[in-house]
Amino acid sequence: MKPPDDHYTKVPNVFFDDILKHLNMGEVKVYLYLARHTFGYQKDVDKVSLSQFCKGIKRSAGKRLDSGTGLARGTVIAALRSLESKEIIVRRKGRGTIPHTYEICEQ
């Protein structure tokens, strides 16, 4: 029996075929976290804070949505900058307390 599609995040084949070999572990974790929060929710872009990348998202009722990448803030920042410089992701700056939005580029 085939499992329902809503329990999976599709990751583009180009990630495995061409991109993966050029990334370090921090970049892989950040890319996959971003893939989960975009493709996993059928979105092209998403607002993601550094705290979410690091520690994940906890709902107001206390239920944990995810646990983030487990990476330190500096490692996440370096990974995001590197992915952006390699044109793997696009970052649009947020204003004030509004997080940046991120999009995975079509390769």
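Residues numbered from 1 in each chain as written. Predicted model: local features only at pLDDT ≥ 70, side-chain atom pairs only at ≥ 80, totals over all residues. Heavy atoms only, no water.

Peer 1: Help me understand the layout of surface pockets, please; the structure alone is not making it clear to me.
Peer 2: If you roll a probe as big as a water molecule over the atoms, it shows you where there is empty space left. By volume, the largest pocket amounts to about 250 Å³. Looking at the lining of the largest pocket, the element that brings in the most residues is helix α4 (residues 73-85), giving five residues. (1 Å grid on protein atoms, 1.4 Å probe; cavity = no way out; pocket = protein on both sides within 12 Å on 5 of 7 lines; lining within 4 Å. Points joined across faces, edges and corners; volume = space filled by probe spheres on them. Helix = DSSP H or I, 4+ residues; strand = E, 2+ residues; numbered from the N terminus.)

Peer 1: Hey, could you run me through the nonpolar core in this one?
Peer 2: Note that soluble globular proteins tend to have their nonpolar side chains buried in a common cluster. If you look at the biggest cluster of nonpolar residues, it comprises 22 residues, and the most contacted ones within it are Val30, Phe53 and Ile89. Elements supplying a minimum of two residues to this core: α1 (13-19), α2 (25-38), α3 (50-55), α4 and β5 (101-104). Considering each element in turn, this core owes the most residues, six residues, to α2. Contacts of Ile89, omitting those with residues within four sequence positions, involve Leu34, Leu80, Leu83, Glu84, Tyr102, Glu103, Ile104 and Cys105. (Core = buried A, V, L, I, M, F, W, Y, C linked by side-chain atoms within 4.5 Å. Buried < 20%, exposed > 50% of the residue type's maximum accessible area, 1.4 Å probe, protein only. Contact = heavy atoms within 4.5 Å.)

Peer 1: Got a minute to help me understand the side chain of His37 in this structure?
Peer 2: Following the sequence through the fold, His37 ends up in helix α2. In this structure His37 touches Lys43, Asp46, Ile57, Leu65 and Asp66, once residues within four positions along its chain are discounted.

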